[in-house]
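# Observations on the model geometry
If you want the building blocks of each chain, they are given just below.
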Amino acid sequence: MSVLVLVLAVSAACCLGFGFVLQQNVAQKAPLGDFLSPRLLLDLVRVPRWLGGIGLMVAGMALGAIALGRGEVSLVEPLLATNLLFALALSRRQTRQPLGRQGWAGLLLLAGGVSAFIVAGEPRGGTAVSDPLRHWLIIGVMVGLALLLTAYAKRSRLSAGPVLLALAAGLLYGVQDALTRVSGERFSDGGLVELLTGWQPYAVLALGVTGLVLVQSAFETAPLRMSLPALTAAQPLAGIICGVGFLGDRLRTDAGALAWEAAGLAAVVVGIMLLGLHPAMPQGAAPRERVPDLQPL
């Protein structure tokens, strides 16, 4: 594993984790009438703290894009999942909650799971699949599942809705990461003209904006502990599926390696859940029917 890719991916995770906490601090005060509406972004953009969170998220995505350009999606995605560690660190500073057994267990499971998956799988590059049908099939399944989750979330707004929205956003962000890598390869091969004549960069932008609306709606309607774990778990799984499915990423497939890879991913998911449910995570505002328009912080 390249040290540069490691540093870039962990730096991206740091920016993403801090950015998510700042965004949720503000989004929880947004009017519920803006749920799943682009108006939500227009309300939030007036608040400096939310803009700071978005700035950190954009920086994290940029660092992640550079990491994806230099390493395999199957390698970078598990490292990006460590953003929850940084989110917990900032949340602990805000809530002054001790880490405790749950926090340490989640930390060890997340870090150990990422390490086990990378060491056992030895992600490496290969030849991308040229069959467009396979590309569209995998992307279509991910986007279709995200749409289905969003439709169910609209019905259950304040109960399971935030978790479903976060899962949907995570799937879209995983596909976005894969297409970001494809866009980077097109730019390397033919420059700006080659990049802009493909559909991938426009899909990256559309997925990013859609995912942002879903995430902010999840942050608006529930505590961070309900939404961020689902988002953090879904994104690397979707990215790995895309990486292996059509980007040509290769993992070891002998029985021992597959067992450790599965165990590593399971540990990552359990660790994410333990950290996301930690008392240090902001609990958000009490349930409400309507909140006045946001005031700048």
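Numbering of residues starts from 1 in each chain and follows the order in which that chain's sequence is written. Only residues with pLDDT of 70 or above have their local features reported here, since the model is predicted, and side-chain atom pairs are shown and tallied only from 80 upward, although totals for entire chains, interfaces and linings are computed over all residues. Note that the side-chain values use all heavy atoms of the structure and ignore hydrogens as well as water.

## Let's talk about the side chain of Gln24
Put simply, DSSP H or I for four residues or longer makes a helix, DSSP E for two residues or longer makes a strand, and each gets a number counted from the N terminus. With respect to the helices and strands, the residue Gln24 is situated in helix H1 (residues 3–27). Exposure classes here rest on a 1.4 Å probe applied to the protein chains alone. A residue is buried below 20% of its type maximum, exposed above 50%, and partly exposed in between. Its relative accessible area of 0% is what places Gln24 among the buried residues. One polar contact links the side chain of Gln24 to the main-chain carbonyl oxygen of Phe219, over a distance of 3.5 Å. For this analysis, a polar contact is any N or O atom pair within 3.5 Å, provided that within protein one partner can donate a hydrogen and the other can accept it, and provided that sequence-adjacent residues contribute only side-chain to side-chain pairs.

## What to know about helix H5 (residues 83–95)
An expected span of 1.5 Å times one less than the residue number is assigned to each helix. Under the 1.5 Å per step criterion, the end-to-end length of H5 is 18 Å for 13 residues, consistent within 8% with the ideal 18 Å. Considered for burial, the residues of H5 that qualify are Asn83, Leu84, Ala87, Leu88, Leu90 and Ser91. The criterion used for residue contact is that any of the two residues' heavy atoms lie within 4.5 Å. The secondary structure elements touched by the buried residues of H5 are H1, helix H4 (73–80), helix H10 (224–246) and helix H11 (255–276).

## Notes on the pattern of salt bridges
Salt bridge criterion: a side-chain nitrogen from Lys or Arg within 4 Å of a carboxyl oxygen from Asp or Glu. Enumeration according to the criterion identifies six salt bridges in this entry. With a shortest N-O distance of 3.6 Å, Arg46 and Asp43 are connected by a salt bridge. Among the charged side chains, a salt-bridge network with shared partners connects Glu122, Arg252 and Asp254.

## Notes on H4
Within H4, eight of the eight residues are buried, leaving the element largely enclosed by the surrounding structure. Within H4, burial applies to Val73, Ser74, Leu75, Val76, Glu77, Pro78, Leu79 and Leu80. Taken together, the buried residues of H4 touch H1, helix H3 (48–70), H5, helix H6 (100–121), helix H8 (161–196) and H10.

## As for the confidence of the model for the protein
Confidence per residue, as judged by the predictor, is encoded in pLDDT with a range of 0 to 100. Here the protein shows a mean pLDDT of 84. Residues at 70 or above account for 93%. A low-confidence stretch, residues 284–297 (pLDDT under 50), is modelled with 36 contacts involving residues beyond four sequence positions or located in other chains.

## Structural notes on unusual backbone geometry
The residue Glu122 is not glycine, and still its phi comes out positive at about 45 degrees. Looking at where Glu122 falls in the secondary structure, it is placed in the loop between H6 and helix H7 (132–155). The partly exposed category is assigned to Glu122, whose relative accessible area is 42%.

## Digging into the packing of aromatic side chains
Stacked, tilted and edge-to-face are the three classes assigned to paired rings of Phe, Tyr and Trp, where Trp is represented by its six-membered ring and a pair needs centres within 6.5 Å; plane angles under 30 degrees give stacked, over 60 edge-to-face, the rest tilted. Here the structure, examined in full by the defined rule, presents three aromatic pairs. With 6.2 Å between their ring centres and 75 degrees between their planes, Phe20 and Phe219 make a pair best called edge-to-face. In this pair, Phe20 sits in helix H1 while Phe219 sits in helix H9 (residues 200–221), placing the two residues 199 residues apart along the sequence. When its relative accessible area of 4% is taken as the criterion, Phe20 is described as buried. Look at Trp136 and Trp199: their rings are 4.7 Å apart centre to centre, the planes differ by 25 degrees, and that puts the pair in the stacked class.

## Re the state of the cysteines
When two cysteine sulfur atoms lie within 2.5 Å, the pair is treated as a disulfide. Across all of its chains, the model carries zero disulfides by this definition. Free cysteine: Cys14, not disulfide-bonded; nearest cysteine sulfur from Cys15 at 5.5 Å. Classification of Cys15 as buried rests on a relative accessible area of 15%.

## Overview of the environment of Glu194
The residue Glu194 is located in helix H8 in this model. What makes Glu194 partly exposed here is its relative accessible area of 33%. For the pair Glu194 and Trp50, spaced 144 residues apart in sequence, the C-alpha separation works out to 35 Å.

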